[in-house]
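Each chain, letter by letter, is given below.
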Amino acid sequence: MTTDATSTAGVSVPDTKLAREATELVRDVTSDLIYHHSRRVYLFGSLQGHNRDLSFDPELLYIGAMFHDLGLSERFHDSGRRFEVDSADEARRFLQGHQVPEDSIRRVWTAIALHTTPGIPEFMEPEVALVTAGVEYDVLGIGYDDISAQDRSAIVALHPRPDFKRQILGAFTDGIRPKPETTFGNVKADVLEHYVPGFQRGDFVRTILDSAWPE
């Protein structure tokens, strides 16, 4: 396993047994794309936490960031569930195996499950809010100028993002193409509409009008 710096841009990566084992697991089962993205999510999320004057548990934020995209991998293609839920369940199993308190597990599970649901996480516990903040920063560029160019460059130097926009969209497409029904009502429908010929997104209005209720 590649050994990465334990601190960059003023943010320390938790040096605990739990964090180290999470790093090893994610490094072993994901691509470089997802690994480096997940580490950036932690680092950017931490910086946004400092910017927002939030008090958060770095270890829980780190676990949430590292596990948040595990559900995109091939072994979950037939799960029939949103990849966010598969990712959250993997984190829960990992944390339960390390006898982590249930409230901490709940926060990590929620942070991962909601990380593609804008407008809600920011009002929840800091760890939940900051996993989403890190994802939104790295993927969507939301709040881009909230972090200095110097800190941004230091993080990207440690965890590069070559051709990241195209590659992460490819990872989303590959991860959810086998279960298109899981995109109903969420942002991943946009991905399949762009990249999967013949995909038809679910229509909320038609679902109501065509329901079994007699009128």
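Report on the accompanying structure. These numbers come from a predicted model, not from an experiment.

## Focus: the environment of valine 11
Reasoning step 1: The residue valine 11 is located in strand 2 (residues 11-12) in this model.
Reasoning step 2: When residues no more than four places from it in sequence are discounted, the contact partners of valine 11 are Thr6, Tyr42, Leu43, Ser46 and Leu47.

## Quick word on a nonpolar patch on the surface
Reasoning step 1: A cluster of nonpolar residues, Phe184, Phe204, Val205, Ile208 and Leu209, forms a patch on the protein surface that exposes about 520 Å² of accessible area.
Reasoning step 2: Tracing the sequence through the fold places isoleucine 208 in helix 10 (residues 204-209).

## Here's the deal with the packing of aromatic side chains
Reasoning step 1: In the structure shown here, the tally under the stated rule is five aromatic pairs.
Reasoning step 2: Seen in terms of ring centroids, phenylalanine 44 and tyrosine 137 are 4.5 Å apart; in terms of plane orientation they differ by 40°. Their pairing is tilted. One end of the pair, phenylalanine 44, is in helix 2 (residues 32-51); the other, tyrosine 137, is in helix 6 (residues 126-140), with 93 residues separating them in the sequence.
Reasoning step 3: Classification of tyrosine 137 as buried rests on a relative accessible area of 3%.
Reasoning step 4: Between phenylalanine 83 and phenylalanine 172 the ring centres are 6.5 Å apart and the planes differ by 35°, which places this aromatic pair in the tilted class. Linking phenylalanine 83 in helix 4 (residues 83-97) with phenylalanine 172 in helix 8 (residues 164-176), this pair joins segments that are 89 residues apart in sequence.
Reasoning step 5: Pairwise contacts between aromatic rings join Phe44, Tyr137 and Tyr144 into one cluster.
Reasoning step 6: Arginine 152 extends its terminal NZ or CZ atom over the ring of tyrosine 144, reaching a point 3.9 Å from the ring centre.
Reasoning step 7: Looking at lysine 188, its charged tip hangs above the ring of phenylalanine 172, at a distance of 4.7 Å from the centre.

## Here we look at the nonpolar core
Reasoning step 1: The biggest cluster of nonpolar side chains holds 40 residues, and the ones touching the most others in it are Tyr42, Ile63, Phe67, Phe94, Leu95 and Val108.
Reasoning step 2: Every element with two or more residues in this core is listed here: helix 1 (17-29), helix 2, helix 3 (58-67), helix 4, helix 5 (102-113) and helix 6.
Reasoning step 3: Residue contributions to this core peak at seven residues, all from helix 3.
Reasoning step 4: For isoleucine 63, the contacting residues outside a window of four places in its chain are Leu18, Ala19, Ala22, Phe94, Leu95 and Val108.
Reasoning step 5: Counting residues in hydrophobic clusters, the runner-up holds 14 residues, among them Leu72, Phe83, Ile168 and Ala189.

Basis of the calculations
- Residues numbered from 1 in each chain as written.
- Predicted model: local features only at pLDDT ≥ 70, side-chain atom pairs only at ≥ 80, totals over all residues.
- Heavy atoms only, no water.
- Helix = DSSP H or I, 4+ residues; strand = E, 2+ residues; numbered from the N terminus.
- Contact = heavy atoms within 4.5 Å.
- Patch = residues over 30% accessible without salt bridge, like charges linked within 9 Å, V, L, I, M, F, W, Y side chains within 5 Å.
- Areas by Shrake-Rupley, 256 points an atom, 1.4 Å probe, with all protein chains shown as cover.
- Salt bridge = Lys/Arg side-chain N within 4 Å of Asp/Glu carboxyl O.
- Phe/Tyr/Trp six-rings, centres within 6.5 Å; stacked < 30°, edge-to-face > 60°.
- Buried < 20%, exposed > 50% of the residue type's maximum accessible area, 1.4 Å probe, protein only.
- Lys NZ or Arg CZ within 6 Å of the ring centre and 35° of its normal.
- Core = buried A, V, L, I, M, F, W, Y, C linked by side-chain atoms within 4.5 Å.

None of the figures reported here should be taken as evidence of function without further support.
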